[in-house]
Structure formats: structure tokens, C-alpha cells
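# A closer look at the structure
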Amino acid sequence: LRILEHWFALEPSTFALLVGAGALREQVTAAAATAGIAPRIVFAGVRADVPDLMQAAMDVFLFPSKHEGLGLVVIEAQAAGLPCVLSNVVPPEAAALPDRVRRVALDAPLPVWVAALRAALEQGRDPQAAARLERSVYAVDASVAAYAAAYDVAGPDLPATVAAMTTALAHRGPDRADRAAAVRPVRHRRRGPGRRRAGARPRRVRRDEHHRRVGHR
């Protein structure tokens, strides 16, 4: 909110769109009202159409997070073509398209954040961002191949298994369970000191359990 307050003082014709909800929602709303910036902020709450909002209602993605594991929403914003301004605690791996990401220290002065926002706005949207992401490690087929290799799936049938898993992920819907059944169960092979004892039967993961693991990035 302090970043937005400083920004609105310089750019009073702009708006901020806050998507999501949480325990601090009422506190944030009250703080915005106290600062006099509530009329410039749209509190959208939990939405199921975030990709559409990123495409139609946003010009820049601001993410001054204090704690983050990866920041999947940052990757989604990049896929939508948005320039992103992030805090320096967001892992570098979240910058799938580094030229679209600006990182700012959380304790940086507010003018530094405002300058990063202005530069991002001037950079504008990248209409080729989604196509570029399809060639990155975050593409569905690349992610499935990495999961399959990590779980040591299917041996010589790896290409066919990856193709089946990619198809299942790309077409998830009401009949998700039926498509998941097409994915072969995994044979876990331990390496190193914890290797499975000779003659022991490999653990099989249920097809639906395996699909959930692969589908969650």
C-alpha cells in the first residue's frame, strides 16, 4: 500500500487491481481508506478468471512479496505478457522471461519502486510472451519430461509416456480421472545408499495419485 500511495501521488489517473483474499483483507482495506487511496484500488477478491484479468485489466504486475516459495502467479503474469516488478525475496527461478522482470529490494526507498513501475509500464506488454514460455522449462511438455525422468518412468517407453501425460495435462476437465487412467503407474527406483533391497517389489503409485503429482507444478 505504501508503494501504491506514493505512485498515486504521481499518477492520480491510474488504478490498482488487487486479486485474492486472506486474513489481512479487512486490515488492508481499512489502511487503504485511512491513506485516502481506497477509491483508486479495486479489491476483486478471489476470482476464477485471473488469466482474463491479466490480459484485459492489467498493464503491469506488481508483486512486493515478503515470503515466497516460487511465485507461480509471477510465471502466469509473464505468460500473459505483463512486465513484472517483484521483491528480491521472490526466487530467481520465477523469472522465466528475465527481460520482463524487475527485482527490487523490499527495503528499497519508495522512489526506487516507483521508478521500476514506470520503467515496466514503458516497456509494455509482450504479445509473444506465451510462445516464448512454451520454449522454456515451464512448458507443459518440458515439465512432464522432468517429472517422468525424476520418477524414472517407463524406461524405453519414456517418449510415449511423456506424450500421454502431456495430453492428459493439456486437456484436464470433467473427465480428468478417465484421462489420468491412461498414464502408466510409476516404478520407483532408489539410488545410492538407500537403494531397494534385492528381490523387493517396487512400490506402485495409483494412477490418479501419480496424475495429481505430475499435474501440480
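Here goes a summary of the coordinates provided. If you're wondering where the values come from, they're calculated on a predicted model, not measured in any experiment.

## Remarks on the environment of Leu 70
In this structure, Leu 70 sits in the loop between strand S3 (61-63) and helix H4 (72-79). As for Leu 70 and Glu 93, which are separated by 23 residues in sequence, their C-alpha atoms are 7.1 Å apart. Setting aside chain neighbours within four positions, we find Leu 70 in contact with Ile 75, Val 90, Pro 91, Glu 93, Ala 94 and Tyr 138.

## What to know about the packing of aromatic side chains
Applying the stated criterion across every chain, the model contains 1 aromatic pair. For the pair Phe 61 and Phe 63, a centre-to-centre distance of 5.6 Å together with 25° between the ring planes defines the contact as stacked. For the pair Phe 61 and Phe 63, one class covers both residues: buried. Positioned above the aromatic ring of Phe 15, the side-chain terminus of Arg 40 is 4.0 Å from the ring centre.

## Structural notes on the sheet that holds strand S5 (residues 101-104)
With parallel pairing, the 3 strands of this open sheet are ordered in space as S3-S4-S5. At either margin of the open sheet sits one strand with a lone partner, and together these are S3 and S5. Across this sheet, the average inter-strand angle for adjacent strands is 15°, counted without regard to direction. Bridge count for S3 against strand S4 (residues 84-87) is 3 bridges, and the pairing is parallel. What sits directly across from Leu 62, in S4, is Val 85. Against the sheet, H4 touches S3, S4 and S5, its axis set at about 165° to S3.

## Describing the pairing of strand S1 (residues 16-19)
Pairing of S1 with strand S2 (residues 41-45) involves 4 bridges; the strand directions are parallel. The partner of Leu 17 across the bridge, within S2, is Val 42. Handedness of the crossover is the feature at issue here: the chain leaves S1, passes through helix H2 (residues 25-35), returns alongside S2, and the resulting connection is right-handed.

## Brief notes about the pattern of salt bridges
The final tally for this structure, using the stated rule, is 4 salt bridges. Across the salt bridge formed by Arg 118 and Glu 11, the nearest N and O atoms sit 2.7 Å from each other. Remark: Glu 11 occurs in the loop between helix H1 (2-10) and S1 and Arg 118 occurs in helix H5 (residues 110-123); sequence separation between them is 107 residues. A relative accessible area of 30% means that Arg 118 is categorised as partly exposed. Given the relative accessible area of 22%, Glu 11 is considered partly exposed.

## As for the nonpolar core
Membership of the largest hydrophobic core comes to 16 residues, with the highest contact counts inside it found for Leu 4, Phe 8, Ile 37, Ile 41, Val 85, Val 104 and Trp 113. For this core, the element with the most residues is H5, which contributes 5 residues. Ignoring anything within four residues of it in the chain, the contact list for Val 85 reads Val 60, Phe 61, Leu 62, Phe 63, Arg 102, Val 104, Trp 113, Ala 116, Leu 117 and Ala 120. Core analysis: the next-biggest nonpolar cluster, separate from the first, contains 14 residues, Leu 53, Phe 61, Val 90 and Val 101 among them.

## Some thoughts on the packing of H1 against H5
Remark: H1 packs on H5, axes separated minimally by 9 Å, with the N-to-C direction vectors making an angle of 65°. Note on packing geometry: the crossing formed by H1 with H5 is right-handed. Along the contact surface, H1 presents Arg 2, Ile 3, His 6, Trp 7 and Leu 10, while H5 presents Leu 110, Pro 111, Trp 113, Val 114, Leu 117, Arg 118 and Leu 121. Of the residues belonging to the contact of H1 with H5, the class tally is 9 nonpolar, 1 polar and 2 charged.

Procedures and definitions
Residues numbered from 1 in each chain as written. Predicted model: local features only at pLDDT ≥ 70, side-chain atom pairs only at ≥ 80, totals over all residues. Heavy atoms only, no water. Helix = DSSP H or I, 4+ residues; strand = E, 2+ residues; numbered from the N terminus. Contact = heavy atoms within 4.5 Å. Phe/Tyr/Trp six-rings, centres within 6.5 Å; stacked < 30°, edge-to-face > 60°. Buried < 20%, exposed > 50% of the residue type's maximum accessible area, 1.4 Å probe, protein only. Lys NZ or Arg CZ within 6 Å of the ring centre and 35° of its normal. Pairing = 2+ DSSP bridges. Axes fitted to C-alpha atoms, helices over the stretch in contact; angles between N-to-C directions. Right-handed = clockwise from strand over helix to strand, strands pointing away. Salt bridge = Lys/Arg side-chain N within 4 Å of Asp/Glu carboxyl O. Core = buried A, V, L, I, M, F, W, Y, C linked by side-chain atoms within 4.5 Å. Left-handed = near helix turned anticlockwise from the far one by under 90°. Nonpolar A, V, L, I, M, F, W, Y, C, P; charged D, E, K, R; others polar.

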